[in-house]
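Structural features, examined
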Amino acid sequence: TMKNKSTRFIIIPSTEDVTTSWPVLPQPPFDARELDLDYPNIHSTSNPSTLRINDLTIGACSADIMYALSSEEINRVADVKSHDRVARLCEHIINQQLYYPLYPAKKEAVSVIKTYELSLPYTPDLLLLPSSLHPFCKRVKGSIFINPGRLGNAEG
């Protein structure tokens, strides 16, 4: 059973989840009891979230901000060979200190009343930002950005 395991799981909701009662960013944590996930090693947190695990600060947001930024950004680069588009998209998040630095939102429903909950309280060491863009791992301005890709196809 899950009760005796030492591994800890952190569950973050998504605006695309069928089980969510709040399909708008920012989202509150899941009610673990309601989903029958009430175990000591399963933790639910908000979307987006900034977590501190030992000395590591981890930021996570399940909204596809990387794709939204890539489709909205207009940029002209003089030297195409030294141009790193993904790094520049990541810089928007660090420079603006927001998990969703795009207004108005492109695809996601974002609450304008709770935009303060989209703020980065401090710059994370690691940012997990799943996206439909090609998976990547990149260090930008002292933070490591990871796009593990998407588990499933949203069109399926």
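The rules behind these values
- Residues numbered from 1 in each chain as written.
- Predicted model: local features only at pLDDT ≥ 70, side-chain atom pairs only at ≥ 80, totals over all residues.
- Heavy atoms only, no water.
- Helix = DSSP H or I, 4+ residues; strand = E, 2+ residues; numbered from the N terminus.
- Buried < 20%, exposed > 50% of the residue type's maximum accessible area, 1.4 Å probe, protein only.
- Contact = heavy atoms within 4.5 Å.
- Polar contact = N/O pair within 3.5 Å; in protein donor to acceptor, adjacent residues only side chain to side chain.
- Pairing = 2+ DSSP bridges.
- Axes fitted to C-alpha atoms, helices over the stretch in contact; angles between N-to-C directions.
- Salt bridge = Lys/Arg side-chain N within 4 Å of Asp/Glu carboxyl O.

With that out of the way, let us pick up the side chain of aspartate 64. Considering the arrangement of structural elements, one finds aspartate 64 in the loop between strand E4 (56-60) and helix H1 (65-72). Given the relative accessible area of 8%, aspartate 64 is considered buried. When residues no more than four places from it in sequence are discounted, the contact partners of aspartate 64 are Glu108, Pro130, Ser131, Ser132 and Arg150.

Okay, the side chain of threonine 57 next. You can see threonine 57 is positioned in strand E4. Residue threonine 57 is classed as buried on the basis of its relative accessible area, which comes to 3%. A polar atom in the side chain of threonine 57 sits 2.4 Å from the side chain of arginine 52. Those residues within four positions of threonine 57 in sequence are excluded, and the remaining contacts are Thr50, Leu51, Arg52, Tyr122, Pro124, Asp125 and Leu126.

Quick look at the sheet that holds strand E6 (residues 136-140) now. Read across the sheet, 5 strands follow the order E3-E4-E5-E7-E6 without closing on themselves; strand pairing throughout is mixed. Each end of this open sheet is capped by a strand with a single partner; those strands are strand E3 (49-53) and E6. On average, each strand axis in the sheet is tilted by 20° relative to the strand beside it, whichever way the strands run. In this structure, E6 lies alongside strand E7 (residues 143-147), joined through 5 bridges in antiparallel fashion. Residue pairing for E7: cysteine 137 is matched across the bridge by isoleucine 146. Here helix H2 (residues 85-96) sits on the sheet and contacts strand E5 (126-128), E6 and E7; the angle it forms with E6, its principal contact strand, is near 60°.

Another point: the pattern of salt bridges. For the structure on display, the rule yields 1 salt bridge. The shortest N-O distance in the salt bridge between lysine 138 and aspartate 84 comes to 3.1 Å. Placement of lysine 138 in strand E6 and of aspartate 84 in the loop between H1 and H2 is noted, with a sequence separation of 54 residues between them. Classification of aspartate 84 as partly exposed rests on a relative accessible area of 32%.

Turning next to the pairing of E3. Looking at chain direction, E3 and E4 are connected through 5 bridges and run antiparallel. Paired with isoleucine 53 across the bridge in E4 is leucine 56. Between E3 and E4, which pair antiparallel one after the other, the connecting turn spans 2 residues, and asparagine 54 there sits at a positive phi close to 55°.

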